[in-house]
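A structural walkthrough
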Amino acid sequence: MAEKTTMDPFSLWKSLYDKTEGNLNEVLNETLKTEAFSDWLGQVQSGYLQYQELVQNSTDVYLKQINMPTREEISNIASLVIQVEDKVESLDQKIDDELMNNPVTEEISKLKASISKLDKKMDQILRAVKTVQQEKEKEVVASSTVDAKNEQKIESKKPNA
């Protein structure tokens with residue numbers, strides 16, 4: 001019987017690749033080294049940059065028409081906000097430095113401490129006044145109870161008319 005050979009497409013493809021890869025690599029390297037290719041690549045890049053500028057300008061015009069800020073305007077605002085934050089921090093630091101080195105600050109601290117002590121004393125006085133007031137109220141209630149009992153005794157001793 002005759003042997004049948006099966007055709008393997010992958011081995012065929014691999015052998016084709018091996019034969020053409022070296023030659024193609026050489027041709028591409030030579031092409032990349034030429035000045036004509038460099039000129040062409042420069043033209044492609046120039047064209048792309050012109051296209052990008054056109055898209056940017058069109059976008060800017062569109063955003064202005066719909067009254068929206070552009071990327072550049074937003075980045076300007078962001079830098080202004082950062083500058084304002086830096087200035088506020090600088091002013092805050094200057095104020096802190098001034099307050100720390102100012103003799104008035106010590107006096108204010110002493111006054112705060114004195115007021116705090118006075119506040120505690122006033123709370124004690126108010127508690128004492130409330131206690132005294134509650135005791136007087138108890139005495140009044142007790143004396144009114146005694147007075148009521150005495151009146152009842154007097155009324156019971158009176159002859160009925």
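Computed from a predicted structure; not experimentally measured. (Residues numbered from 1 in each chain as written. Predicted model: local features only at pLDDT ≥ 70, side-chain atom pairs only at ≥ 80, totals over all residues. Heavy atoms only, no water.)

In terms of regular secondary structure, the protein is built from four helices and zero strands. Order of helices (α) and strands (β) in the protein, N terminus to C terminus: α-α-α-α. Whereas a compact globule of 161 residues would reach a radius of gyration of roughly 15 Å, the protein reaches 51 Å, over 25% beyond that. Once the C-alpha set of the protein is aligned to its principal axes, its extents read approximately 155 × 75 × 40 Å. (Helix = DSSP H or I, 4+ residues; strand = E, 2+ residues; numbered from the N terminus. Rg over C-alpha atoms; globule rule 2.2 N^0.38 Å.)

Right, let's get into the environment of Gln 134. Of note, Gln 134 is situated in helix α4 (residues 103–157). Under the relative-accessibility criterion, Gln 134 is labelled partly exposed at 47%. The sequence separation of Gln 134 and Trp 40 amounts to 94 residues, and the corresponding C-alpha distance is 104 Å. (Buried < 20%, exposed > 50% of the residue type's maximum accessible area, 1.4 Å probe, protein only.)

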